[in-house]
Amino acid sequence: VILTEYTYQPPVITTQPESVTVFSVEDLVMSCEASGNPPPIFRWTKDGEEFNPGSDPELKVTEDTGSFAFYTLSNTMDTLKRYQGKYVCYASNELGTAVSNEAILTTDAPPTQQKEKKVNVKSEQGSSIVLKCNPPQSSMEPIIHWMDTLHHIQLSKRVVAGKDGNLYFAHLTTKDSRNDYTCNVQYLTTRTILTKEPIILTVSPSNSVVRSKRPQMMRPTGSHSTYHALRGQTVELECIVQGLPTPDVSWLRKDGELSESRTTKEMFDRRLRFSNISESDGGEYQCIATNSQGKVTHTFTVIVEAAPYWTKEPVSQLYAPGETVRLDCQADGIPSPAISWTINGIPLSAIDKDPRRSVTPSGSLILNDVNFGDTAIYQCRASNKHGTILTNTNVYVINLPPQILTEDGNTYTFTEGQKALLECETFGSPKPKTYTHTTHTHTHTQTHTCTVSLNNGCYLHQMQRVSVSYISLLSPPDRTVILSPPQALKVQPGNTAIFTCLAQVDPKLGPQLILWRKNNQKITMMAYFHRYTFEGPDLIITNVGPDDEGVYTCEIITKLDMASANGTLTLCDRPDPPFQLQITDPKRREVTLSWTPGDDHNSDVLEYVVEFEDQGSKERGWEELKRVRGDKERASLPLWPYMSYRFRVIAINDVGKSDPSKPSEIHNTPAEAPDNNPEDVRSESADPDTLVIMWEEIDKRNFNGPNFIYRVLWRRAVGSGPDWHINVTTAPPFIVSGVGNFSAFEIKVQAVNEKGQGPEPDPVIGYSGEDVPLEAPMDVGLVLVNSTTIKMTWAPIDKQTVRGHLLGYKIYLNRTGSRAHPRAKESEGSMVVVTGPNVEKKVISGLRPFSHYELAVAVFNSKGEGPGSETLSFRTPEGVPGPPMSLVLDSPSETEMTLHWTPPSQPNGILIGYLLQYQRIVESDDSPMQVVTIEDPTVTRLTLGTPLDRHSHYRFYLRGRTAAGDGEPIMRVGATTLDGEPPANISLSVGENSVNLSWVTKKRHRNVSFQILYLNKNDGSKWKRTEKVNSSQSFYQLQGLTPGSHYRLRFIHKNTTFWETDIETEGTGVKEVQTSFATQGWFIGVVSAIVLLLLILLILCFIKRSKGGKYSGKGMASTQSKCPVSLCQPSPLQLSHQTCSETDL
């Protein structure tokens, strides 16, 4: 039997009150939730004093079982300031009091748009500049975006947005000119976006070559900064630099290495960001900015401290009477926190002392021999200067026998990876000990027995777990996990929605089934025709409409388990335009515009854009006037005097912009005198005897009334008396003639309309047109410092003769020739050195020694240069020569070295010889330097007399010499050439008709020639010889070989074989033909004898015919009839049977 007292539960704070900054009356809500039995009773303290929200008529209290909240009924922010403070919630029942964390309530006004003047910034190409944002002060951290009319400003290493919101340019280019640099300030908490007045930036091209500039720090300034941070915070160090070319920025930690896990570089390496900073990150960091002109550094000292955090918290438990309770409470922080204890929210110091209760030096609370009266909730509090943390611990003193609460006979089936929890819930005080015993009943079942015991009893409880199979018992399958669940989709009507459901399924679980449901109803393709299709893990819905909205569930089903995940489909679209625009509360320069929102189509309106159209300048179209938050339905609009307005409103959500609303009725503002005078009043006088007065024209909207004109006033700055010359014009410039050259005037321009004048303008100084200077500098002199440097001086110029702003002096230097060739007077080079206006001496370097020069000095202003001073001629003394133009090393033998060189191109004097230095190169670099002095300047070749080490390399330095000393050296590294030898380690690559031979050529060795002898072992031919091969070739191809043949290769150098080998060519060789009888000797002899016999018979036949020709024709005729000619030409087969007898003939 479970004792009734154990159904009581001490209070536990389940929802802590949260600190809040109140920007509007809706924000003031303070709530606290707690569990317990009996249900807890709530009370509050404010700044340590009891606070009853229910007794305050300005507050509304909502109380429910386990929760308590209060909020304000006031409609004004002023009444909320008295509720600022630190609040603590207390929840109590019969078992004690739980204490919440401290919640701080503060109030702040939401940031608002301030009226600003339009800023016009001008600068020159190559200069650096900062465009200020100046966001309104607020307790919220703003998000800054720099934009033009439609797009974000492209940021880069050259153009950087600082943490202060400003836009920094390391150097300007003409492409940076823009009239709409707009800083947008966003406050997420109040959902406010403030658009600052656009800044006009004009970058004028430089009149001269843009000079490179060393890096300089723009933010922070100086060379050292200190940052304080709390553990766990995000900290950013920032280095923004200027320079040309754009500097590169790198970061290092001076006292260690940067943490790769907690530090990242952002904003093109201009920021070093610490995420979740820890105490180990404290130290010195340095940013280094470099370009081709130099570098600059800034050091940051980062000091990391920590608010208190728990390292060990006490545990709530049941205790039996007489036990000793130890509540260990340990916390850390910087500085180290102090530990204190309260009981039911009451400090120990305010409770009667009890010898059974003590606190150790480490902060642990020890209760000896506890009794039922010690049941309470104990609070451990850790505090330092950065904050306080608190934890509640329940101590429940009770005496109960052990019991098992879990039912018998429970059966569990699991897959691997699932949490296999075999329940064995116990009860008792003190806490019972649990024992588990396992018995194998058969191959597929295990029985687990749970035993609990206390001094007064022992109880048994049995559970069974049955696996699916013997195999799964040995190697159970992994549970099915959905890796990529369906998402919450917002889709416009007519578009396609795709839900993806990717899962990891163990192959042991067999094939998976993917089932999709919509609003818990199974989806079939037949039900939704062709718009719903399944492609692997994807559900694709085309041409989405209103009927498709709902909750979509993906189910991955296997034979052992199932996993599911949900996603939603919501139709969204651009909002409908607002309607019912009304103008109320009209004032001289302000009006209130209200409207009724249109349908937002399931996508909250983020903001409204109020636009206006000037009825007097319709060609300008509709222009943006103000933006307000999406939860507002009215806006106070600032207006210009003397304008005719129509307004319209556009709603914006995540999908896009609505169509514009219908225009409002026309609203006219009355005329007033001008608010401002023209800016940038100046003189731009270019011609002598003329004063040209210029200014920036005022925008037509700032005329503030009809008949607008400019009132121009001027007078001489000195000696002209108090009277002003006055004239009017409608546009700049205003030109005054006959005023003399470069005379100073006070000038001012005032705006005037029919209603009156603008404020009294302040005068500025301007000058009439300049003319070229009249005189040249006097007393020009120079001093020779050395062979390449002179020091010049001159008397200051009379400012009256400059006839303009003195910009400086120009020194013209012309080299007329070398002193080595005095008759040559041609100009060989000139330079112009420009100085500032207050310079009266100049050191000029970079001259050529041993040369003739002429120089002159002139003064210049913006109109041009004055006459030059008298030409001074001077000669630079002899200097040391430049390096020889070339140096070539040649080694005729293993120990000899010959040097060939070309004289210096710039002897800077008369060459008197050369100085040769050389030393052997060794690892210690301390070998002695050998010196050879060459007295003859015409010598350009030298063979060293001292033998060199054939195994060493040498470093050679050759300098020219003049009377002024030794010149710059030309240096070469070389070594002698060694005697050649045939190659070794020859590699072969054999083909059908050739073999490729390759070897490594030895460095520094002379070339030697060798030959290759080769013999075909198959055909019995003789040795063949190649042409001569050079060892420097490193490759040779031996061609003309017979496929499928064995060859012997022999490599010969100086009639000596230095390497030989056997090879076999690839392919098939010519096979031997079988001998026939026609090729036998006896057969050939027989045939030859027969042919010879036939020839003899033919000859005899012709002889007999010749003799028969001397008889008469009769006898001839008879002869022919008896012995035809054919019979005298028998074939070889007829020879023995047919003959011609003498009587026949």
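Residues numbered from 1 in each chain as written. Predicted model: local features only at pLDDT ≥ 70, side-chain atom pairs only at ≥ 80, totals over all residues. Heavy atoms only, no water.

### Section: the environment of Asp548
Worth spelling out the cut-off: Runs of H or I in DSSP of at least four residues are treated as helices and runs of E of at least two as strands, each being numbered from the N terminus. Whether a residue is buried, partly exposed or exposed follows from its accessible area with a 1.4 Å probe, protein chains only, as a fraction of its type maximum: under 20%, in between, or over 50%, in that order. Residue contacts follow a heavy-atom distance rule, with two residues in contact if any of their heavy atoms lie within 4.5 Å. In protein, a polar contact means a hydrogen-donor-capable atom and an acceptor-capable atom, both N or O and within 3.5 Å, with residues adjacent in sequence counting only if both atoms are side-chain atoms; elsewhere, any N or O pair within 3.5 Å suffices.
Inspection of the secondary structure assignment puts Asp548 in the loop between β50 (538-541) and β51 (550-557). For Asp548, a relative accessible area of 1% translates into the label buried. When the C-alpha atoms of Asp548 and Leu571 are compared, they prove to be 8.3 Å apart, with 23 residues separating the residues in sequence. Here Asp548 is in contact with Lys518, Arg531, Tyr532, Ile541, Asn543 and Leu569, once residues within four sequence places are set aside. Here the side chain of Asp548 touches Gly545 through a polar contact of 2.8 Å, landing on its backbone nitrogen.

### Considerations on the state of the cysteines
So the rule is basically this: The disulfide criterion is simple: two cysteine sulfur atoms within 2.5 Å.
Per the counting criterion, the structure on display carries 5 disulfides. One disulfide in the model links Cys32 with Cys89; its S-S distance is 2.3 Å. Here the disulfide of Cys32 and Cys89 is left-handed, its torsion about the S-S bond being about -85°. Here Cys32, found in strand β3 (residues 29-37), pairs with Cys89, found in strand β8 (residues 85-93); they are 57 residues apart in sequence, far enough to count as distant. Exposure class is identical for Cys32 and Cys89. Each is buried. The residue that forms a disulfide with Cys329 is Cys380, at a sulfur-sulfur distance of 1.8 Å. Given an S-S torsion of about -85°, the disulfide between Cys329 and Cys380 has left-handed geometry. Taken together, the positions of Cys329 in the loop between β29 (325-327) and β30 (330-334) and Cys380 in strand β35 (residues 376-384) put the pair 51 residues apart, joining distant regions of the chain. The exposure class of Cys329 is buried, given its relative accessible area of 0%. Exposure remark for Cys380: the relative accessible area of 0% places this residue in the buried category.

### A closer look at the UniProt feature "transmembrane region" (unreviewed entry) in the chain
Filter applied, for reference: UniProt positions are given in the numbering used here, feature names are shortened, and annotations may be inferred rather than shown by experiment.
The feature "transmembrane region" (unreviewed entry), as annotated in UniProt, sits at residues 1081-1103 in this numbering. In residues 1081-1103, the share of helix is 100% and the share of strand is 0%. The end C-alpha atoms are 34 Å apart.

### Comments concerning a nonpolar patch on the surface
Just so we agree on the cut-off: Each patch groups residues whose relative accessible area exceeds 30% and which form no salt bridge, using 9 Å between like charges and 5 Å between nonpolar side chains of Val, Leu, Ile, Met, Phe, Trp and Tyr. Per-residue accessibility takes into account occlusion by the displayed protein chains alone, with areas from the Shrake-Rupley method and a 1.4 Å probe. A pairing counts as a salt bridge when a side-chain nitrogen of Lys or Arg comes within 4 Å of a carboxyl oxygen of Asp or Glu.
On the surface, Val1087, Val1091, Leu1092, Leu1095, Ile1096, Leu1098, Ile1099, Leu1100, Phe1102 and Ile1103 cluster together to form a nonpolar patch covering roughly 890 Å² of accessible area. By the secondary structure assignment, Ile1096 is in helix α3 (residues 1081-1108).

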